[in-house]
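Single-letter residue listing:
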Amino acid sequence: MAEVAPQNQNVDMDLEWMDKTGSWDTNAEPGRNGLTLADIQIGDYGEIPDYSRNLSGRPRGSAPRPDSMRLGNYTVREKSEIWMDNASFLYEEALQRQWSSATDVPWETIEPLPDDVEQAQCQMATFLTEVEFVAGDVPSRWVAKTSPDFFEARQVLLAQVNDESRHMDVFRKRALANGGGLMRSTGSTAGFVGGIDLSRDFTEMSSRLHISGEGAVLTIFRMGELMAYNDAEKTIYRLCAQDEARHVAFGVMHMRYMSEHAPERRDEIHSYLDEAEGGLLTSAANPAGTLNQTSESLAILLGGGIKKFDEGWRKLVAIRRRQLMEYKKRVISAGFGERFENGRSRLTEIMEQAAA
Amino acid sequence: MSRAKLSFPSVEWFNAVRKEFNTDEEFHRRGAGHCNCVAGVKVGDDVFVLTFEGQECTSVEQSGELALADADFYMSMDAVDWQEMLANISKHGHAVGDYTLNTLDLNRFDGLATSVHGDQFREDMFFRFNQTLQFFFDASSRIDTRFG
Amino acid sequence: MVVLDSPRLWNRLQRKLAKKVKKKTEESTSTHVKQLKNFEAKKEEIEIPEPRLNWMGITREWGVKVLPGEKGLTLGSLNVGVYGEIPTTWSDRGRNPRGAIASGARLPLAISVQDKADLWANSAATLYEEAIQRRWIPATDIPWDQLAPLPDDIEHAICQVCTELMQYANTDIEVITNWQHKMAYGYHEVKQYLATASFDGARRYEAFRKRALSNGGGLGLESTCQVNRVLLESTGGWTETVATWVFNRLLFALTICRYLERFAYNEAEIKLYQYVGQDLARILSYGIDHLHYAMNADPEKRASVGISITIGDAFLVRDLRDPVLKEALSIIFGAGINGVNKDGLDTFYEMLDTYVKEYLELCAWLKLDRKLEQMPTIFQADKRKR
């Protein structure tokens, strides 16, 4: 680096590092949405390796040190295992659309509700607090296992962990803000083979967490807005639904990428979807499923009290159907629609059960 | 409140709402930051296409049904249902009860939001940007609206 | 992409699309009508179960009504009655929210941090709300348009420092995400705060990358790995990990950011270092508060915390033996290579002294027996070799 050589040599400087850089002369410029992650995916810096050999945790595109130690405990090192095309957009969207459960929810609009309705609301809040614990811890664990060469996807997962933390908090707040309290947790959100926690593969986890699990919860959040009794609840559910839709988008786009770039894994993915579909109604992670404490709470909330349980139940059935239809369309969008044509999917049968 | 009554649905009406929405910082906080999508609005047979980029709704165009093919999703109701929703917004300053976009969607058997392409990923943008869309229509409470 | 250069082809496509839309609209209408009919027809067919309602009335405490205060409805304000009882050990390895009634039959999760002394900080709930209130967005909250071309040596130095700070952020993220799922749910305030802290880490990672790639430079040489290694290989105890993290990384990184802000070359960098500094100060607060709590609740921890810091010091010294960060910072502080001898290196050592001063003050506050003369010589102004 002749042009930057030191003129005053009082201090012995090495400066060799100045010649050890990633691509130089990089000039990313902000656009309409500011300086986004997409804006800095330029030149070499936008090239994501199909397989990551980065075990020291160095930033993608930086110059490696030959003597670096292998610190990263990364098991996700293949791009297709975690990648999706819209990661940078989803991450920026998450940053832009953050909210505060303390100050953005009009808590003052909550007014005393009939006891049966308050109990149902608190039971749902207890359940959702429990479920959101899953959706926070599991993606977090996968972040540490993923090579930072795929940092855009990791950023989206970290945003999700943050979102889920807020969901845990907002439902706890709802349970304790209107003369009620927490009720009984289901205890069935963890520990089962085929569950979200125990997945040994990221795509397996994502198909369960993002597609079937959060897809179902998204419908519930939207339904929550419908069954809200005040502006505070409407706001809570609407804002949670936005977040959840982003998480679902992650899953859909990842599966789409996987389908296109690792076709040899398609059958395996179908196996995960088989299991996920099996649990769509029976899984305790779906509040509109068959577990009685959540489905009864929903029916009470949707009907407007125990006396209108039947009416509420009918709405619940309609909503279950909608959940299943949306699940189906997401799977199609993810590129696995053939399962609904070739008889592999049990969705039609499950839809019949939904009405039962 | 704009002085001259603007007719709904019309490009002028949407532009007036757009101006209110784009210029009030309150509509870009509380979970409603940047939004990037193309949303169709179908009022009976009239079709409008709204483009959201970053903090703003950058354009409104009146189009034929053909344009809905390019929209990520579109919201469709009869004129009378839109009128009811806007009347509710006008009365309360924002949508309440059964008149929020999401509730309208759930209460209608075919939903409020749908798409030509049937891609749920793009249709999900209706949920992902729901607070922004809600604030956009809530901004119409500041417009003196004439129907028909 | 299909290029439609033929008007006939274009028209045909238009007609086809119009047909599709019309069909979709008709389908939609007929589906609507069909669904209505189906729903009406099925209304009677739907079997309505007799509600069991066996979940009703099952609560440890009812009638709780927490009202929002000046800061809204905060997480900490929910700690009333049984909901505010935070036990010294949380033996439940499930996801039962604190204060709820646990379901009887459930399988345990791989949770290993179950003692309050091992993770708690009294400020966790406050820090959680603070993190949410003080969120910022690198894309739009940094005035990137204020960046202007800098002399090549300075741009190189800034890009090098950004690269190293990115790797610090990467380690912060991995430290938290390696531990978070092992922590018991009864201490949700800590888990929730750490969720915001890992997101803050993601933001730091992103912001420094953006700076490096937006002013004619690029990324530099990867960071030395010694403190990163200690942090990632510390898997035995969260408190011990936090000790090294606080003393040998977070405080050091915060000091660097404070000096970078002082010597920033434009408004964009000032904002960047200010925002990052705030985030680092918050995680540092959690760490200090946790160490304070942990050593008071379990005095035996004082020894393992002390050892962790001693080990951390040794590895920080290894990092500092590498000339890259020192040279890069000295160039920034000295306004170029030619200023290294004039001011740059002095400022670098002033920064190091500031770090050591705060380090020792912190030790004193935490009642950790640590003296300057016990520390490696690089931290002692009168003994170090420049």
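Description of the overall build of chain B
Phase 1 of the analysis: Scanning chain B from terminus to terminus reveals 6 helices and 7 strands.
Phase 2 of the analysis: Of the regular secondary structure in chain B, the N- to C-terminal order runs β-α-β-β-β-β-α-α-β-α-α-α-β.
Phase 3 of the analysis: A compact globule built from 148 residues would reach a C-alpha radius of gyration of about 15 Å, and chain B, at 14 Å, matches this within 12%.
Phase 4 of the analysis: For chain B, with 148 residues in total, the buried portion stands at 50%.
Phase 5 of the analysis: Of the contacts formed within chain B by residues at least 6 apart in sequence, a portion of 67% connects residues at least 24 apart.

With respect to the overall build of chain A
Phase 1 of the analysis: Each helix and strand in chain A was counted, giving 10 helices and 0 strands.
Phase 2 of the analysis: C-alpha extents for chain A along the principal axes are approximately 85 × 50 × 35 Å.
Phase 3 of the analysis: Here chain A, with 356 residues, has 64% of them falling under the buried criterion.
Phase 4 of the analysis: Here the analysis covers contacts within chain A between residues at least 6 apart in sequence; of these, 74% occur between residues at least 24 apart.

Considerations on the sheet that holds strand 6 (residues 113-114) of chain B
Residues and elements named next belong to chain B.
Phase 1 of the analysis: With mixed pairing, 5 strands are arranged side by side in an open sheet as 4-3-2-5-6. Unpaired on one side and paired on the other, strand 4 (56-63) and strand 6 mark the two borders of the sheet.
Phase 2 of the analysis: Direction of pairing for strand 5 (residues 73-77) relative to strand 6: antiparallel, over a ladder of 2 bridges. Across the sheet, residue tyrosine 74 finds its bridge partner in strand 6, namely threonine 114.
Phase 3 of the analysis: Sitting on the sheet, helix 1 (residues 11-23) touches strand 3 (46-53) and strand 4, and the angle it makes with strand 4 is about 175°.

Let's talk about the interface of chain C and chain A
Phase 1 of the analysis: Across the contact, 98 residues belong to chain C and 104 residues belong to chain A.
Phase 2 of the analysis: Contributing elements (two or more residues each) for the side of chain C that touches chain A: helix 1 (7-45), helix 2 (124-133), helix 3 (138-141), helix 4 (152-179), helix 5 (188-212), helix 6 (226-233), helix 10 (323-333) and helix 11 (340-365) of chain C.
Phase 3 of the analysis: No other element matches helix 4 of chain C, which puts 13 residues into the side of chain C that touches chain A.
Phase 4 of the analysis: When the residues that make up the side of chain C that touches chain A are grouped by side-chain class, the tally is 45 nonpolar, 32 polar and 21 charged.

With respect to the interface of chain B and chain A
Interface size, as often reported, equals the accessible area lost upon joining of the parts.
Phase 1 of the analysis: Across the contact, 22 residues belong to chain B and 28 residues belong to chain A.
Phase 2 of the analysis: Of all elements in the fold, only helix 3 (101-107), helix 4 (120-123), helix 5 (125-128) and helix 6 (130-138) of chain B reach the threshold of two or more residues within the side of chain B that touches chain A.
Phase 3 of the analysis: If you tally residues by element for the side of chain B that touches chain A, the top one is helix 3 of chain B, at 4 residues.
Phase 4 of the analysis: Tallied by class, the residues present in the side of chain B that touches chain A amount to 5 nonpolar, 12 polar and 5 charged.

With respect to the nonpolar core
Phase 1 of the analysis: Formed by 267 residues in total, the largest nonpolar core has its most connected members in Val246(C) and Ile332(C).
Phase 2 of the analysis: Dropping the residues within four chain positions of it, Val246(C) is found in contact with Leu251(C), Leu284(C), Gly287(C), Ile288(C) and Leu291(C).

Considerations on unusual backbone geometry
Phase 1 of the analysis: In this chain, Phe8(B) is followed by Pro9(B) through a cis amide linkage whose omega measures 0°.
Phase 2 of the analysis: Within the secondary structure, Pro9(B) is located in the loop between strand 1 (6-8) and helix 1.
Phase 3 of the analysis: Residue Ala335(C) is not a glycine yet carries a positive backbone phi of 60°.
Phase 4 of the analysis: Among the structural elements, Ala335(C) can be located in the loop between helix 10 and helix 11.
Phase 5 of the analysis: Judged by C-beta crowding, with 18 C-beta atoms within 10 Å, Ala335(C) ranks as partly exposed.
Phase 6 of the analysis: Backbone geometry at Lys367(C) places phi at a positive 60°, although glycine is not the residue there.
Phase 7 of the analysis: In this fold, Lys367(C) is placed in the segment after helix 11.

Structural notes on the confidence of the model for chain B
Residue and element names in this part refer to chain B.
Phase 1 of the analysis: Summary statistics for chain B give a mean pLDDT of 89 and a share of 98% for residues scoring 70 or more.
Phase 2 of the analysis: When the elements of chain B are averaged for pLDDT, helix 3 gives the smallest value, 83, and helix 1 the largest, 95.
Phase 3 of the analysis: The complex model carries a pTM of 0.89, and its ipTM stands at 0.93.

What about the packing of helix 2 (residues 87-96) of chain A against helix 4 (residues 151-175) of chain A?
Residues and elements named next belong to chain A.
Phase 1 of the analysis: Interaxial distance between helix 2 and helix 4 falls to 8 Å at its minimum, and their mutual angle equals 30°. With respect to each other, helix 2 and helix 4 are oriented roughly parallel. At the point where helix 2 passes helix 4, the crossing takes the left-handed sense. Where helix 2 approaches helix 4, its residues Ala87, Ser88, Leu90, Tyr91, Ala94 and Leu95 are matched on the opposing element by Glu152, Ala153, Gln155, Val156, Ala159 and Asp163.
Phase 2 of the analysis: The residue inventory of the contact of helix 2 with helix 4, partitioned by class, reads 8 nonpolar, 2 polar and 2 charged.

Description of the packing of helix 3 (residues 115-145) of chain A against helix 5 (residues 202-226) of chain A
Residue and element names in this part refer to chain A.
Phase 1 of the analysis: Where helix 3 contacts helix 5, the two axes come as close as 12 Å, and the packing angle between them is 155°. When the axis of helix 3 is compared with that of helix 5, the two are roughly antiparallel. Relative to helix 5, the crossing made by helix 3 is left-handed. Only Phe202, Met205, Leu209, Glu214 and Val217 of helix 5 make contact with helix 3, whose side of the interface consists of Val131, Ala135, Val138 and Trp142.

A short note on helix 3 of chain A
Note that an α-helix has 3.6 residues per turn; residues three or four places apart therefore point the same way.
Phase 1 of the analysis: Over its 31 residues, helix 3 of chain A runs 46 Å from end to end, which matches the ideal 45 Å to within 8%, given 1.5 Å per residue.
Phase 2 of the analysis: Burial within helix 3 of chain A is extensive, with 26 of its 31 residues counted as buried.

Focus on the environment of Arg256(A)
Residue and element names in this part refer to chain A.
Phase 1 of the analysis: Mapped onto the elements, arginine 256 comes out in helix 6 (residues 231-261).
Phase 2 of the analysis: For arginine 256, a count of 18 C-beta atoms within 10 Å puts it in the partly exposed group.
Phase 3 of the analysis: The spatial distance from the C-alpha of arginine 256 to the C-alpha of aspartate 201 is 16 Å, given a sequence separation of 55 residues.
Phase 4 of the analysis: Non-local contacts of arginine 256, meaning those with residues more than four positions away in its chain, are made with Ala334 and Gly335.

Thoughts on the confidence of the model for chain A
Residue and element names in this part refer to chain A.
Phase 1 of the analysis: Taken over all residues, the pLDDT of chain A has a mean of 88, while the share at 70 or more is 91%.
Phase 2 of the analysis: Averaged pLDDT values for the elements of chain A fall to 75 in helix 10 (residues 347-355) and rise to 96 in helix 4.
Phase 3 of the analysis: Across residues 1-9, where pLDDT falls below 50, the model places 16 contacts with residues more than four positions away in sequence or in other chains.

A few points about the pairing of strand 4 of chain B
Phase 1 of the analysis: Judged from the 7 bridges that link them, strand 3 of chain B and strand 4 of chain B form a sheet pairing that is antiparallel. What sits directly across from Val47(B), in strand 4 of chain B, is Ser63(B).

Points about the pairing of strand 3 of chain B
Residue and element names in this part refer to chain B.
Phase 1 of the analysis: Of the strand pairs in this sheet, strand 2 (residues 37-43) and strand 3 are connected by 7 bridges, and their pairing is antiparallel. Looking across to strand 3, one finds that alanine 39 is bridged to leucine 50.
Phase 2 of the analysis: Taking the residues between adjacent antiparallel strands as the criterion, strand 2 and strand 3 are bridged by 2 residues, where glycine 44 takes a positive phi near 60°.
Phase 3 of the analysis: Two successive antiparallel strands, strand 3 and strand 4, enclose a turn made up of 2 residues, where glycine 54 displays a positive phi of approximately 60°.

What to know about the environment of Thr186(A)
Phase 1 of the analysis: Structurally, Thr186(A) can be placed in the loop between helix 4 and helix 5.
Phase 2 of the analysis: With 107 residues separating them along the chain, Thr186(A) and Gln293(A) place their C-alpha atoms 8.3 Å apart.

Overview of the environment of Ala39(B)
All names here are of chain B.
Phase 1 of the analysis: Its location among the elements puts alanine 39 in strand 2.
Phase 2 of the analysis: By the C-beta count within 10 Å, which is 23 here, alanine 39 ends up buried.
Phase 3 of the analysis: When the C-alpha positions of alanine 39 and serine 140 are compared, they lie 17 Å apart, and in sequence the two are 101 residues distant.
Phase 4 of the analysis: In this structure alanine 39 touches Leu50, Phe52, Ala71, Asp72, Phe73, Tyr74, Met75 and Leu133, once residues within four positions along its chain are discounted.

Quick notes on the rules
In every chain, residue numbers begin from 1 and rise along the written sequence. Going through the entries in the order they are written, you letter the chains from A and number the ligands from 1. pLDDT decides what is reported in this predicted model: residues at 70 or higher carry local features, side-chain atom pairs at 80 or more are listed and counted, and totals for whole chains, interfaces and linings draw on all residues regardless. Here a strand is any run of E in DSSP of at least two residues, a helix any run of H or I of at least four, and the numbering for each starts at the N terminus. Each radius of gyration reported is based on C-alpha atoms, and the globular scaling rule is 2.2 Å times the count of residues to the power 0.38. Buried means a residue has 20 or more other C-beta atoms within 10 Å of its own C-beta, exposed means 12 or fewer, and partly exposed covers the counts in between; C-beta atoms are placed from the backbone. Once C-beta atoms are placed from the backbone, any two residues with those atoms within 7 Å are in contact. In this analysis, strands are considered paired if DSSP registers two or more bridges between them. Here an axis means a line fitted to C-alpha atoms, over the contact stretch when the element is a helix, while the angle between two N-to-C directions is reported on a 0 to 180 degree scale. Any residue outside Ala, Val, Leu, Ile, Met, Phe, Trp, Tyr, Cys, Pro, Asp, Glu, Lys and Arg is labelled polar, Gly included; the first ten of those are nonpolar and the last four are charged. Nonpolar cores are identified as sets of buried Ala, Val, Leu, Ile, Met, Phe, Trp, Tyr and Cys residues joined via C-beta atoms within 7 Å. In predicted models, pLDDT denotes the confidence assigned by the predictor to each residue on a 0 to 100 scale. Any angle between 65 and 115 degrees counts as roughly perpendicular, while under 35 counts as roughly parallel, over 145 as roughly antiparallel, and the rest as oblique. Take the far helix as the reference: if the near one is turned anticlockwise from it by less than a right angle, the crossing is left-handed, and if turned clockwise, right-handed. To estimate the expected span of a helix, subtract one from its residue number and multiply by 1.5 Å.

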